[in-house]
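A look at the structure
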Amino acid sequence: YPFVTTGSLLVSIVGLGLPMAALGAVTPWLVRLSRDAGLAPARVTGRILAAGTLGSLAGTFGATHLLLPALGSVGAVRAAGVLLAVAGLVMFFLARRKSSRAALAALVLLPLLAGSLPDTRPLDGLLEEVETPYQWARVIEQPDGSRQLLLNEGLDSFHSVWQPTGVLTGLYYDSLLYAAALSPRAEDDRRHVMIVGLAAGTSARQILALDPDAMVRGVELDAEIIALGKRWFDLPEQTQIDAGFDGRVVLDRVPDRYGAVLVDAYAQQIYLPPHL
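What comes next is a walk through the structure. (Residues numbered from 1 in each chain as written. Predicted model: local features only at pLDDT ≥ 70, side-chain atom pairs only at ≥ 80, totals over all residues. Heavy atoms only, no water.)

1. Focus: helix α3 (residues 41-94)
Over its 54 residues, α3 runs only 21 Å from end to end, short of the ideal 80 Å by more than 12%, given 1.5 Å per residue. The axis of α3 is deflected most strongly, by about 115 degrees, at glycine 72. Every buried residue of α3 is listed here: Val44, Ile48, Gly62, Gly72, Gly75, Ala76, Ala85 and Gly88. (Helix = DSSP H or I, 4+ residues; strand = E, 2+ residues; numbered from the N terminus. Expected span 1.5 Å × (residues − 1). Bend = angle between axes of the 7 residues up to and from the residue. Buried < 20%, exposed > 50% of the residue type's maximum accessible area, 1.4 Å probe, protein only.)

2. What to know about a negative patch on the surface
Together, Glu187, Asp188, Asp189 and Asp213 make up a negatively charged patch on the protein surface. By the secondary structure assignment, glutamate 187 is in the loop between α5 (173-181) and β5 (192-196). When its relative accessible area of 87% is taken as the criterion, glutamate 187 is described as exposed. (Patch = residues over 30% accessible without salt bridge, like charges linked within 9 Å, V, L, I, M, F, W, Y side chains within 5 Å. Areas by Shrake-Rupley, 256 points an atom, 1.4 Å probe, with all protein chains shown as cover. Salt bridge = Lys/Arg side-chain N within 4 Å of Asp/Glu carboxyl O. Lys, Arg positive; Asp, Glu negative; His and termini not counted. Charge placed at Lys NZ, Arg CZ, Asp CG, Glu CD.)

3. Section: the sheet that holds strand β6 (residues 215-220)
Strand order in the open sheet made by the four strands is β7-β6-β5-β8, with parallel pairing throughout. Edge positions in the sheet fall to β7 (240-243) and β8 (260-263), since each of these pairs with one other strand and no more. The average angle at which neighbouring strand axes cross in this sheet is 15 degrees, direction not considered. As judged from the four bridges shared by β5 and β8, these two strands associate in the parallel manner. Pairing of valine 193 across the sheet is with alanine 260, part of β8. Packed onto the sheet, helix α6 (residues 202-210) meets β5, β6 and β8 and runs at close to 165 degrees relative to β5. (Pairing = 2+ DSSP bridges. Axes fitted to C-alpha atoms, helices over the stretch in contact; angles between N-to-C directions. Contact = heavy atoms within 4.5 Å.)

4. Structural notes on the packing of aromatic side chains
Note on aromatic pairs: each is described by the distance of the centres and the angle between the planes. Applying the stated rule across the entire model yields one aromatic pair. A cation sits over an aromatic face here: arginine 138 above tryptophan 136, 4.2 Å from the ring centre. Its end group placed over the ring of tryptophan 162, arginine 147 keeps NZ or CZ at 4.4 Å from the ring centre. (Phe/Tyr/Trp six-rings, centres within 6.5 Å; stacked < 30°, edge-to-face > 60°. Lys NZ or Arg CZ within 6 Å of the ring centre and 35° of its normal.)

Here it is in structure tokens:
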């Protein structure tokens with residue numbers, strides 16, 4: 001799906017290109033103003049670059065360790081917008097020329113007006129949505145009563161499914177179920193199955209519905225998806241879960257042997273992660 005990567009790039013350019021270009025013009029503009037004011041351009045340029053470097057460090061580490069975990073991507077963007085608006089207001093009151101004040105007023109009012117626009121219409125059947133440290137997850141209930149777990153863009157795909165009746169889904173999960181059902185039994189006369197990419201637990205639920213004595217171990221990098229699985233997808237309590245771990249780490253360190261290892265992990269919804 002080249003439109004996933006190319007389309008995301010084009011949308012980012014359209015949505016972020018103008019404000020990024022405007023922010024990039026601040027430094028040379030300030031240097032020119034300092035020259036017109038009779039100040040030493042080299043000294044002013046050094047101070048501006050130093051302030052910009054400190055701001056970049058604060059933005060990089062602050063976004064990673066503070067803004068994104070606490071506010072999510074939407075909240076972080078809005079917080080950044082508020083800070084820019086406040087900085088614009090400060091410059092508005094410090095500006096001496098009326099023309100400069102008018103331009104600053106327009107620059108400040110535009111993002112404030114954009115921020116006041118209503119959110120997009122929620123999806124029909126949306127039961128819950130959460131932004132995890134890795135992705136944006138939504139639980140959707142379909143008209144037939146089934147539930148689907150959508151991650152990030154979603155496209156026309158979903159990563160887990162729950163149906164009110166029956167074990168089989170008519171989807172690829174059934175193929176994984178057959179592989180688990182045909183796996184050899186261990187010395188304890190139980191089937192031992194590992195699922196790499198557990199998500200909300202569709203395969204685990206299917207396996208344990210078919211064979212309640214099976215020992216199912218699921219590995220899921222995103223721990224918050226496990227909570228959604230327990231709330232909306234009947235993720236069985238007897239499933240042994242490694243939440244917050246990369247699949248390759250568990251495969252490398254777990255000494256147990258399994259009759260079947262089911263790999264259901266994605267990178268960008270398209271292919272298996274190369275490292276896995």
